[in-house]
Amino acid sequence: MIWSALGGLLGVTVLSGAMLGAALGLSGFAILHVFGGGATRLGVQAVFNVLGEFTLTAIPLFILLGDVLVASGLASGVYRALSPLFARLAGGLLHTNIAVCTVFGAVSGSSMSVSAAVGSVAYPELTRRGYRRARVVGSLAGGGTLGLLIPPSLSLLIYGALTDTSIGKLFLAGVVPGLMMALLFMIYIEVSVRRETSAVPTEPRLPWGETLLALRDVWPILFLILAVLGSLFAGIATPTESAAVGVAAAVMLGFTIGDLTPRKLLETFLSSARTFTVVAFVFLGAVILAQSISLLQLPQKLLAEVAGAGLSPYLMLGVVILIYLLLGMIFDGLSMMVMTLPVVFPLLTGLGFDPIWLGVVVTIMIEVGMLTPPVGMNLFVLVGLTNREVTLGEAAVGALPYWILLLVGLLLLTIAPGIATWLPALSFA
Amino acid sequence: MRLAEKGLVALAQGLALAGAVALAGLFALVLAAVVMRYGWGKPLALTEELSGLLMTAAVFALLPQTILKDVHIRVSIFSERAPEKAAVFVRLLGSLILVAFLAIFAREAWEIADFTRRLNLMSEHARLPLAPFLIFSTLAVGFAGLCGAWRQLSPPPPPDARGGHP
């Protein structure tokens, strides 16, 4: 009864095209009212409690950091610096897209921010040079997902805050899988372009001396990575503090070597606060829904049923991944995570899966959702960025190889969990 | 009618600016905490709790403007493909869901804010008064509900305001 009521409510409210946060929140309120004895106030109380969490204050600061990088023009400088190096490969600047997304992932915690930041520089440049639009968008959408896996990561941060898992360990766990995915993406680009040479133009090769000289312009982003990840992993700052240190460093660089002006900075504060509100509204609704799910002890009931069904842990993992794939078609990553974690976390850790490893797996599934139409947020961002020169369908087709590669990465991670757990185990030994 | 709309937009803009200031304050506060801890060896005791409250205030302060600007995430696969008559109904349903959600939220938040004010509740460590933040957030949610209702009920803007041809 409760499951069909939950499914029906979510179906009607979400698919009505209402703002997602309101749809999730109203469903949560309805469940709390009807099945929870009118306990709607608990949902609101949960929102105030969660929004007041210090750990989560890192989210607006990481959004601000990404926006300052774009507003100050530092993003385009890094792109120009890395381009000559990757122009030597058959995949040309498609490789640069992946490399710059990887580097940006190390200062920005959001997949959409990375896609937007790198896309705003790369798309006009690559289409002007004659690269196929769908291929460019595909590489940017795929590369953008690295922003969520490579630390700092908003997804791992929220996962840690909601499940009481060490955020430091989670961030370290994302490093190797993030680099592995970047490598897989680049291998795919190289192999596919060598098979279909007409897909990309031949880039002029600069002599090695000039190529290496151009790399010196990468230093601002390396400085930022040092400020953000260095302060975090050295134990000098918490994730929120490292984000603030990163923003301060980005503002300083923006004023000294970038195009940042006081007016641009003020506009950046406003646009970052607006972006954060959009994210937080979905979060707020998902928290109320998650509260209703927890209050009615649905996770415990589901756990008991699963235990009774006698499914093997890996079969259960497969079922969870399948559910994430389906949810990823409709929900954005954040709400998907907040809604499902109260059930998925106790279910899979209870079956013996490592909570740190699970954080990386959930993040990869969210990344997959970012590329899954019709609600693939990275696809939305990039289609908007191209002024609809590329349709959502074309973007989805372009991103399909990266979507498959993320699932391959997930398979590798399941076969060899050490890919994620090795680094945190080594550092916290 | 247009005057009321101008007032609504101006108030939402003012709140949005207040939200941006709260975000700037949050950034300055967290940075100051790091500087104080390593520069002067005196950590700021109120950082964690005040930054959480500032973040909450920023979210609710920007809610009215983001609703007026219609920038929130929607699942529009069905509503965009529905036939015209059905689309009108679906849009109305979407607006009703938003207004109903914000109304319930504001009602419950007001009860919590009022309880907090009457008992003069403070934050756990820094002893910051919680009522002003909760009252501000509640009023902003209520105003956001009004903005949501206005978006549905207000007459469409003149064609040139929508970027159409005169």
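Residues numbered from 1 in each chain as written. Chains lettered and ligands numbered in written order. Predicted model: local features only at pLDDT ≥ 70, side-chain atom pairs only at ≥ 80, totals over all residues. Heavy atoms only, no water.

Student: Help me get a handle on the overall build of chain A, residues and values and all.
Tutor: From N to C terminus, chain A includes 22 helices and zero strands. Once the C-alpha set of chain A is aligned to its principal axes, its extents read approximately 70 × 50 × 50 Å. Across the 429 residues of chain A, 60% fall into the buried class. Residue pairs at least 24 apart in sequence account for 80% of intrachain contacts in chain A once pairs closer than 6 positions are excluded. Considering chain A, the positive charge centre built from 18 side chains and the negative charge centre built from 18 side chains are found 6 Å apart. (Helix = DSSP H or I, 4+ residues; strand = E, 2+ residues; numbered from the N terminus. Buried < 20%, exposed > 50% of the residue type's maximum accessible area, 1.4 Å probe, protein only. Contact = heavy atoms within 4.5 Å. Lys, Arg positive; Asp, Glu negative; His and termini not counted. Charge placed at Lys NZ, Arg CZ, Asp CG, Glu CD.)

Student: So what's going on with the overall build of chain B? Which residues, and what values?
Tutor: Scanning chain B from N- to C-terminus turns up four helices and zero strands. Each of the three principal axes of chain B carries a C-alpha extent, and together these read 65 × 35 × 35 Å. Here chain B, with 166 residues, has 42% of them falling under the buried criterion. For chain B, the accessible surface area stands at approximately 9000 Å², while carbon and sulfur atoms represent 68% of it. Computed over 15 positive and 11 negative side-chain charges, the separation of the two mean positions in chain B equals 4 Å. (Areas by Shrake-Rupley, 256 points an atom, 1.4 Å probe, with all protein chains shown as cover.)

Student: Which residues make up a nonpolar patch on the surface, and what values go with them?
Tutor: A surface patch of nonpolar side chains, about 390 Å² in accessible area, is lined by Trp-219, Phe-223, Met-252 and Ile-257 of chain A. Under the relative-accessibility criterion, Ile-257 of chain A is labelled partly exposed at 44%. (Patch = residues over 30% accessible without salt bridge, like charges linked within 9 Å, V, L, I, M, F, W, Y side chains within 5 Å. Salt bridge = Lys/Arg side-chain N within 4 Å of Asp/Glu carboxyl O.)

Student: Give me the environment of Thr-96 of chain A: which residues, what numbers.
Tutor: All names here are of chain A. Here Thr-96 lies in helix α6 (residues 93-105). With a relative accessible area of 0%, Thr-96 lands in the buried category. When the C-alpha positions of Thr-96 and Leu-85 are compared, they lie 8.2 Å apart, and in sequence the two are eleven residues distant. Non-local contacts of Thr-96, meaning those with residues more than four positions away in its chain, are made with Tyr-79, Leu-82, Ser-83 and Phe-86.

Student: Go over the packing of α6 of chain A against helix α11 (residues 167-195) of chain A, please, and point to the residues and values.
Tutor: Residues and elements named next belong to chain A. Remark: α6 packs on α11, axes separated minimally by 9 Å, with the N-to-C direction vectors making an angle of 175 degrees. Of the possible angle classes, the one that applies to α6 and α11 is roughly antiparallel. In contact with Leu-94, His-95, Ile-98, Ala-99 and Thr-102 of α6, α11 contributes Leu-179, Ala-182, Phe-185, Met-186, Ile-189, Glu-190 and Val-193. When its residues are assigned to classes, the contact of α6 with α11 shows nine nonpolar, two polar and one charged. (Axes fitted to C-alpha atoms, helices over the stretch in contact; angles between N-to-C directions. Parallel < 35°, antiparallel > 145°, perpendicular 65-115°, else oblique. Nonpolar A, V, L, I, M, F, W, Y, C, P; charged D, E, K, R; others polar.)

Student: Kindly report on the interface of chain A and chain B, identifying the contributing residues and their values.
Tutor: The interface of chain A with chain B comprises 56 residues on the first partner and 56 residues on the second. With both sides pooled, the region where chain A packs onto chain B buries about 4900 Å², and carbon together with sulfur makes up 82% of that total. Taken together, chain A and chain B are joined by two salt bridges. For Arg-37 of chain B, the salt bridge is made with Glu-241 of chain A, and the minimal N-O distance between the two is 2.8 Å. Scanning the region where chain A abuts chain B turns up six residue pairs in polar contact (both at pLDDT 80 or more). Where the side of chain A that touches chain B is concerned, the elements lending two or more residues are α1 (2-15), α2 (20-35), α3 (40-51), α4 (58-71), α14 (239-256) and α15 (262-295) of chain A. The greatest single-element share of the side of chain A that touches chain B, amounting to 13 residues, is contributed by α15 of chain A. Here the residues of the side of chain A that touches chain B sort into 39 nonpolar, 13 polar and four charged. (Buried area = accessible area lost by both parts, 1.4 Å probe. Polar contact = N/O pair within 3.5 Å; in protein donor to acceptor, adjacent residues only side chain to side chain.)

Student: Account for helix α10 (residues 154-163) of chain A, naming residues and giving values.
Tutor: Residues and elements named next belong to chain A. Within α10, nine of the ten residues are buried, which leaves the element mostly enclosed by the surrounding structure. Among all positions in α10, only Leu-154, Ser-155, Leu-156, Leu-157, Ile-158, Tyr-159, Gly-160, Ala-161 and Thr-163 are buried. The N-terminus of α10 is capped by Ser-153, whose side-chain oxygen sits 3.3 Å from the backbone nitrogen of Ser-155. The first or second residue beyond α10 is Asp-164, which carries a positive phi of 60 degrees.

Student: Can you tell me about the pattern of salt bridges, naming the residues and giving the values?
Tutor: Using the criterion set out here, one finds 13 salt bridges over all chains in the structure. Arg-128 of chain A is paired through a salt bridge with Glu-125 of chain A; the nearest N and O atoms lie 2.8 Å apart. Placement of both Arg-128 of chain A and Glu-125 of chain A in helix α7 (residues 111-128) is noted, with a separation of three residues, approximately one turn of the helix. Classification of Arg-128 of chain A as exposed rests on a relative accessible area of 61%. Relative accessible area serves as the criterion here: at 22%, Glu-125 of chain A is assigned to the partly exposed category. The partner of Glu-389 of chain A in a salt bridge is Arg-133 of chain A, with the nearest N and O atoms 2.8 Å apart. Residue Glu-389 of chain A is found in the loop between α20 (377-385) and α21 (392-415), and its partner Arg-133 of chain A is found in helix α8 (residues 133-144); the two are separated by 256 residues along the sequence. Counted as one network, the salt bridges with shared partners bring together Arg-41 of chain A together with Arg-107 and Glu-108 of chain B.

Student: Can you lay out unusual backbone geometry for me, pointing to particular residues and giving the numbers?
Tutor: Residues and elements named next belong to chain A. Note the cis peptide between Pro-151 and Pro-152, where omega equals -5 degrees. Within the fold, Pro-152 resides in the loop between α9 (146-149) and α10. One non-glycine residue with positive phi stands out, namely Asp-164, at about 60 degrees. Mapped onto the fold, Asp-164 is located in the loop between α10 and α11.

Student: Explain helix α17 (residues 313-328) of chain A to me, and be specific about the residues and the numbers.
Tutor: Between its first and last C-alpha atoms α17 of chain A spans 22 Å; for 16 residues at 1.5 Å apiece the expected length is 22 Å, and the two agree. Residues of α17 of chain A that are buried: Met-316, Leu-317, Val-320, Ile-321, Tyr-324, Leu-325 and Gly-328 of chain A. (Expected span 1.5 Å × (residues − 1).)

Student: Which residues make up the confidence of the model for chain B, and what values go with them?
Tutor: Overall, the predicted model of chain B reaches an average pLDDT of 87, with 92% of residues at or above 70. Overall fold confidence (pTM) sits at 0.84, and the ipTM for the predicted complex is 0.91. (pLDDT = per-residue confidence, 0-100.)

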